[in-house]
Number of protein chains: 2
Amino acid sequence: MTVTLEDIREAEQLIAPHIVKTPLVHLHPLDQILGTQVYVKLENMQNTHAFKIRGAMNKILRLTNEEKENGIVASSSGNHGQAVAFAAKKLGIHATIVIPETATQFKINAIRQHGAEVVFSTVEDRFKVTRELSDKFNYTIIPPFDDPHITAGQGTIGLEILDEHFDAVIVPVSGGGLIGGISTALKESGFSGKIIGAEPESLPRYSESLKNGRRTKVPTAPTIADALVVNEPGKINFPVVQKYVDECVTVSDSAMQHAQKLLLTEGKILSEVSSCIGIAAVLEGTLKFKPDEKICFIISGGNLSLNQLNFLEN
Amino acid sequence: MTVTLEDIREAEQLIAPHIVKTPLVHLHPLDQILGTQVYVKLENMQNTHAFKIRGAMNKILRLTNEEKENGIVASSSGNHGQAVAFAAKKLGIHATIVIPETATQFKINAIRQHGAEVVFSTVEDRFKVTRELSDKFNYTIIPPFDDPHITAGQGTIGLEILDEHFDAVIVPVSGGGLIGGISTALKESGFSGKIIGAEPESLPRYSESLKNGRRTKVPTAPTIADALVVNEPGKINFPVVQKYVDECVTVSDSAMQHAQKLLLTEGKILSEVSSCIGIAAVLEGTLKFKPDEKICFIISGGNLSLNQLNFLEN
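These numbers come from a predicted model, not from an experiment. (Residues numbered from 1 in each chain as written. Chains lettered and ligands numbered in written order. Predicted model: local features only at pLDDT ≥ 70, side-chain atom pairs only at ≥ 80, totals over all residues. Heavy atoms only, no water.)

Visitor: How would you sum up helix α7 (residues 126-137) of chain A? Please name residues and give values.
Guide: Residue and element names in this part refer to chain A. Its 12 residues place the ends of α7 16 Å apart at the C-alpha level, agreeing with the 16 Å of an ideal helix rising 1.5 Å per residue. Within α7 the residues assigned to the buried category are Val129, Thr130, Leu133 and Ser134. With its buried residues spanning 140° around the axis, α7 presents them on a single face. Summarising the geometry of α7, the exposed residues directed more than 90 degrees from the buried face are Asp135 and Lys136. The elements touched by buried residues of α7 are β3 (72-75), β4 (95-100), β5 (117-121) and β6 (140-141). Backbone geometry just downstream of α7 places Asn138 in the positive-phi region, at approximately 60°. (Helix = DSSP H or I, 4+ residues; strand = E, 2+ residues; numbered from the N terminus. Expected span 1.5 Å × (residues − 1). Buried < 20%, exposed > 50% of the residue type's maximum accessible area, 1.4 Å probe, protein only. Arc of directions from axis to C-beta. Contact = heavy atoms within 4.5 Å.)

Structure follows, in structure tokens:
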């Protein structure tokens, strides 16, 4: 079940026709503000505007013909739901996405525009409803993380930033699929820089788990980082993070919002507030780098309504 | 007085320590929408968030020591004003910027933050006031365009996009310094694609002049493209455009606003409405490209207050 560099290289080949090699740019306007050389990997410019399509596509392409004919199901109101819907449409597979009733119209529309069937449930029941649909219609469940093919797909980002020889790569953390994949790709390729995870301070599931030396569930808690709300590390991902990730830091909501504004007004890039968590960690002083160090921030997604830019009134 | 490829190469060497080699990215999310391969040269991520620093820096660095000690003056409420103020601060030169009383507080603040002295005048009198200041204090006037060193500086953008072998490069046009410089750099380097200018339909100074075979002044008229308001081609720039530019098209305000929204919501890039004029020309159907063609859009600047995003209410 352990994902290796070889798995990630295979995923890269397999998903290449369906994903974008996203831009990796030196964002000079932020250098002085953050006190280091700021590079951004722009997964907000990825198909479906988030990295999730990499893992979902790698998983779905590996289904048997019978599984493809039966259809797939996923539970997500967010970027994973859009990714599964997009991949299914592209490959001619029937997809059902289970969405919590609390999801915004913006996200529901985004999933529907890819032609997926939408089923509503309560937040609590969404995984139960997903399993019931899977049992009833023989749908294959496409999990958002903690699946080797999903992790291998997300890891392809690591291969795309290898050549730049960064001193550190900062990755937003929720279930751990993204950082698990990226850290495997980089460390097994001989990358000598640091890999640092950043998670909301109200949901320190990796920080706590790393401290305790075992997967630790933290209480569900609110955060504006709506893409980073998982409250327990993934089973497959945790040992990978233990092995390859150098550090995991927590970040406040207010710093993330400040970072989102900075990225837009100074960096000229629109991203989800969750994706700004690495920049926020530097703004907050939790992470400090030297002026001559090259730091890569993974900007994981850009799915947001402009109404969500709370700072516009300021 | 004619600017040559050699002048532009010299400018590139001279200004290198002071400017950013801005990102040139394939903006995949726009490919399907525009029906072609969309590349953007992101001068909104340039120092002072606009290309103007290239020309201003090339001009100011070439002043004599006496001229530098006497100080400089420029008339501009926009990107040229910011560029001159930034360059002057960086080089330790006193700068005065003449600003029309109608300028927004956002722009006035942007110029003041670079430490320049600000003098207000009526819109009509601003060039007169600039000359008077020049006469009185021995300030050297740094013109916004129609100066060989300014044109050569702007032309350095052309050198930075040469390697991609584009089928066409689309350039926003006002006085003609940007397109004059870029077209010289490209065509004298053997570039075989098209160079196309785009100007507001209410101010078709280059379209009219090219049709008439001579510099033609058009009536002053309103446009939302506040960086493209010159109403007569530059003396030096017009023959260059005649020689090297393949086509000049006009674009409506509504298409520019639509393009600005598209670039932000789909492309995840924030730019001035003036800089979206090339994308707008494609949206409007004035320019059409094939799906396999590689088209470069010069995103010339990103100086705007978020309050200027008129579409946010939609």
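Visitor: So what's going on with the nonpolar core? Which residues, and what values?
Guide: Counting 68 residues, the largest nonpolar core has Leu27, Val251, Ile279 and Phe297 of chain A together with Val251, Ile279 and Phe297 of chain B as its most contacted members. Not counting the four nearest positions on each side in its chain, Phe297 of chain A is found in contact with Leu34, Val38, Tyr39, Val40, Lys41, Ile170, Gly278, Ile279 and Val282 of chain A. (Core = buried A, V, L, I, M, F, W, Y, C linked by side-chain atoms within 4.5 Å.)

Visitor: Tell me about the UniProt feature "domain: Tryptophan synthase beta chain-like PALP" (unreviewed entry) in chain A, residues and numbers included.
Guide: Under the present numbering, the feature "domain: Tryptophan synthase beta chain-like PALP" (unreviewed entry) in UniProt falls on residues 16-301 of chain A. Between the C-alpha atoms that bound residues 16-301 of chain A the distance is 19 Å, and the span itself is 40% helix and 17% strand. (UniProt positions renumbered as here; feature names shortened; annotations may be inferred.)

Visitor: For the packing of aromatic side chains, give the residues involved together with the corresponding values.
Guide: Residue and element names in this part refer to chain A. Enumeration over the complete set of coordinates arrives at 6 aromatic pairs over all chains. Ring geometry for Tyr39 and Phe166: centres 5.1 Å apart, planes at 65°, overall edge-to-face. Highlighted residues: Tyr39 in strand β2 (residues 37-42) and Phe166 in the loop between α8 (148-161) and β7 (168-172), separated in sequence by 127 residues. For the pair Tyr39 and Phe166, a shared accessibility class is recorded, and that class is buried. Seen from their ring centres, Tyr206 and Phe238 are 6.3 Å apart, and the 40° between their planes marks the pair as tilted. Placement of the pair is Tyr206 in helix α10 (residues 205-212) and Phe238 in helix α11 (residues 237-244), with a sequence separation of 32 residues. We note that Tyr206, like Phe238, is buried. (Phe/Tyr/Trp six-rings, centres within 6.5 Å; stacked < 30°, edge-to-face > 60°.)

Visitor: Account for the sheet that holds strand β2 (residues 37-42) of chain B, naming residues and giving values.
Guide: All names here are of chain B. Taking strand neighbours across the sheet as the criterion, the 6 strands line up as β1-β2-β10-β7-β8-β9 in an open arrangement whose pairing is mixed. The two strands at the open ends of the sheet, each matched to only one other strand, are β1 (24-26) and β9 (247-251). The average undirected angle you get between the axes of adjacent strands in this sheet is 25°. Bridge analysis of strand β8 (residues 194-200) against β9 gives 5 bridges, and the strand direction is parallel. Bridge pairing in β9 links Ile196 to Glu247. (Pairing = 2+ DSSP bridges. Axes fitted to C-alpha atoms, helices over the stretch in contact; angles between N-to-C directions.)

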